[in-house]
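Listed below, chain by chain, are the residues.
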Amino acid sequence: MIQLSACLIVKNEAFLLPYCLESISAFVDEIIVVDTGSTDETVKIAGKYHAQVYQFPWTEDFSAARNKSLNHARGEWILYIDADEAIDRVNASKIHDV
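If you're wondering where the values come from, they're calculated on a predicted model, not measured in any experiment.

**Q** How would you sum up unusual backbone geometry? Please name residues and give values.
**A** Here N12, not a glycine, exhibits a phi torsion of approximately 55 degrees, which is positive. By the secondary structure assignment, N12 is in the loop between strand 1 (4-10) and helix 1 (17-24).

Spelled out as C-alpha cells, the structure:
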C-alpha cells in the first residue's frame, strides 16, 4: 500500500531537481512529477528517480497543475514539495516515523 506520495510541479528544473529527489526518494513511496513544458533534462532526471511524469500545459493556474499531480497520487498522505526544496536527514526520519 502506498502511504506517502511526493508531488512536484516542475519546469526546467534540471539543475535543482536531483538534489530534491535525492532528499525524498528514501522515504516516499511514489514520486509524481507534473511537467509544465520543460525544454531541458528535467523529465529525464525525474525518470532516473523512478518518478511518474505527467505532462500538463501551463495555463497560468498553479492550482490546476497541483490538482493534476494529486489526481495521479495514490498515497494516503501527500508531500507537496518544490524542486528547489530538499528534506534534510533529520526531518526525513521524522516524516518517515510519522
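**Q** Please provide a residue-by-residue account of the layout of surface pockets, values included.
**A** Quantified by volume, the largest pocket comes out at close to 250 Å³. Surrounding the largest pocket, Q3, L4, F27, D29, W77, L79, I95, H96 and V98 form its lining. Of all the secondary structure elements, the ones that give two or more residues to the lining of the largest pocket are strand 4 (77-80) and helix 4 (89-97). For the lining of the largest pocket, the per-class residue count stands at 6 nonpolar, 2 polar and 1 charged. Around the second largest pocket sit E22, S23, A26, F27, I87, D88, R89, A92, S93 and H96, which together line it. Elements supplying a minimum of two residues to the lining of the second largest pocket: helix 1 and helix 4. Counting residues per element, the lining of the second largest pocket draws most heavily on helix 4, at 4 residues. In terms of residue class, the lining of the second largest pocket is made up of 4 nonpolar, 3 polar and 3 charged.

Cut-offs applied
Residues numbered from 1 in each chain as written. Predicted model: local features only at pLDDT ≥ 70, side-chain atom pairs only at ≥ 80, totals over all residues. Heavy atoms only, no water. Helix = DSSP H or I, 4+ residues; strand = E, 2+ residues; numbered from the N terminus. 1 Å grid on protein atoms, 1.4 Å probe; cavity = no way out; pocket = protein on both sides within 12 Å on 5 of 7 lines; lining within 4 Å. Points joined across faces, edges and corners; volume = space filled by probe spheres on them. Nonpolar A, V, L, I, M, F, W, Y, C, P; charged D, E, K, R; others polar.

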